[in-house]
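What follows is the residue order along each chain.
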Amino acid sequence: MLDSFSLEGKVAIVTGSSTGLGQGMCIGLASAGADVVGVDYVASPETKATVEKKGRRFHGMVADLLTIAPVERIIKETVDAFGRLDILVNNAATFSPRAMLDADEDFWDRSVDVDLKGYFFMCQAAGKHMVEAKSGSIVNVVSVNAMRPNVNSGVYAICKAGVLLMTKAMAKEWGPYGIRVNAIAPGVVETTMSRPLRENPERLSKHLEKTPLGRIIQPHELVGAALLLASDAASSITGQILAVDGGESI
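Anyway, here's the lowdown on the structure attached to this text.

Definitions and limits used
Residues numbered from 1 in each chain as written. Predicted model: local features only at pLDDT ≥ 70, side-chain atom pairs only at ≥ 80, totals over all residues. Heavy atoms only, no water. Axes fitted to C-alpha atoms, helices over the stretch in contact; angles between N-to-C directions. Helix = DSSP H or I, 4+ residues; strand = E, 2+ residues; numbered from the N terminus. Parallel < 35°, antiparallel > 145°, perpendicular 65-115°, else oblique. Left-handed = near helix turned anticlockwise from the far one by under 90°. Contact = heavy atoms within 4.5 Å. Nonpolar A, V, L, I, M, F, W, Y, C, P; charged D, E, K, R; others polar. 1 Å grid on protein atoms, 1.4 Å probe; cavity = no way out; pocket = protein on both sides within 12 Å on 5 of 7 lines; lining within 4 Å. Points joined across faces, edges and corners; volume = space filled by probe spheres on them. Phe/Tyr/Trp six-rings, centres within 6.5 Å; stacked < 30°, edge-to-face > 60°. Buried < 20%, exposed > 50% of the residue type's maximum accessible area, 1.4 Å probe, protein only. Salt bridge = Lys/Arg side-chain N within 4 Å of Asp/Glu carboxyl O.

## A closer look at the packing of helix α4 (residues 105–133) against helix α5 (residues 154–174)
For any two helices packed against each other, one specifies the inter-axial angle together with the distance between the axes.
For step 1, the next point in the chain: Where α4 meets α5, the closest approach of the two axes is 9 Å, and the angle between their N-to-C directions is 15 degrees. Accordingly, the angle class assigned to the pair α4 and α5 is roughly parallel. For the pair α4 and α5, the sense of crossing is right-handed. Taking contact as the criterion, the partners of F107, W108, S111, V112, D115, L116, Y119, F120, C123, Q124 and G127 in α4 are, on α5, V155, Y156, I158, C159, K160, G162, V163, M166, M170 and W174.
For step 2, the next point in the chain: Here the contact of α4 with α5 is built from residues that sort into 15 nonpolar, four polar and two charged.

## Here we look at empty space enclosed by the protein
For step 1, the next point in the chain: A full pass over the atoms with the stated rule returns two cavities of 30 Å³ or more.
For step 2, the next point in the chain: Counted as a void, the largest cavity has a volume near 40 Å³.
For step 3, the next point in the chain: Where the lining of the largest cavity is concerned, the elements lending two or more residues are α4 and α5.
For step 4, the next point in the chain: Counted as a void, the second largest cavity has a volume near 40 Å³.
For step 5, the next point in the chain: Sort the elements by how many residues they give to the lining of the second largest cavity and α4 lands first, with four residues.
For step 6, the next point in the chain: The residue inventory of the lining of the second largest cavity, partitioned by class, reads five nonpolar, three polar and no charged.

## As for the layout of surface pockets
For step 1, the next point in the chain: Taken as a whole, the largest pocket encloses approximately 1300 Å³ of empty space.
For step 2, the next point in the chain: Lining the largest pocket are 49 residues; nearest its centre among them are F95, Y156, T191, M193 and S194.
For step 3, the next point in the chain: Sorting the residues of the lining of the largest pocket by element identifies α1 (20–31), β2 (35–40), α4, α5, α6 (195–198) and α7 (201–209) as the ones contributing at least two each.
For step 4, the next point in the chain: Each pocket or cavity is described by its volume, and for the second largest pocket that value is around 150 Å³.
For step 5, the next point in the chain: In terms of lining, the second largest pocket is formed by 13 residues, of which the most central are K10, G136, S137, A230 and D232.

## Focus on the packing of aromatic side chains
For step 1, the next point in the chain: Counted according to the given criterion, the structure contains two aromatic pairs.
For step 2, the next point in the chain: Judged by centre distance (5.0 Å) and plane angle (80 degrees), the ring pair of F120 and F121 falls under edge-to-face.
For step 3, the next point in the chain: Judged by its relative accessible area of 33%, F120 falls in the partly exposed class.
For step 4, the next point in the chain: With relative accessibility at 25%, the residue F121 sits in the partly exposed group.

## A short note on the pattern of salt bridges
For step 1, the next point in the chain: Per the stated rule, a full pass over the model turns up 12 salt bridges.
For step 2, the next point in the chain: Between D80 and K76 there is a salt bridge whose closest N-O contact spans 2.8 Å. Within this pair, D80 and its partner K76 are both found in helix α3 (residues 71–82), separated by four residues, close to a single helical turn. Like D80, the residue K76 is exposed in the burial classification.
For step 3, the next point in the chain: Among the ionic pairs, R98 bridges to D104, the shortest N-O distance being 3.7 Å.
For step 4, the next point in the chain: Residue R98 is classed as partly exposed on the basis of its relative accessible area, which comes to 30%.
For step 5, the next point in the chain: According to the relative accessible area criterion, D104 is partly exposed, its value standing at 41%.
For step 6, the next point in the chain: The network of salt bridges with common partners includes E8, D35, R56 and R57.

In structure tokens form, the structure reads like this:
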């Protein structure tokens, strides 16, 4: 039964691979047997070194997903390097706290470009390859904000809610081709993105009060969810959102 969690022989793309959640996903997928392509706007030497210590291959790509220009190249370079593509973990994101009354067009456009449009076109490009292969798993990393928005996170929440609906729509359209599309919705994770909250004692205290587990999530705690959804252990799971949030969304 545990063999169904193995990713031996699989190839995965992870966006936002240099630090935080993306780095943890790369290492976790490699630990389960996958070769990994890591994509970020900066190089990922630490991720590469750790993946290779696991005995797996790592191919790093520097690409800015603020535009869709590099998307086709990412898929082509993955297939050229490893001969296949089995898993996409869409993780690259941008977040800056801002009241919706203060959100100007530039802020809106940047948020949508990275947090929604970038996700869509990465899924689309990977999906085209997976349709031909008649198999594949896509995992979109979203946020509990998509279901329960916080103050000053409205634009981010709107984008992530779009990704949730996109996940369900793609699961429905691509299921007949053997492609599964799911999402992970983290709560507050100890990354640079959550630093403003974690360094504000009053905001942090309020957050912990409404979180049943009463603590901040660590990046490695999302790896299990990603491995489940990427693997054959979840062969009948598609179009679902798995909250990894310490109970915040209850």
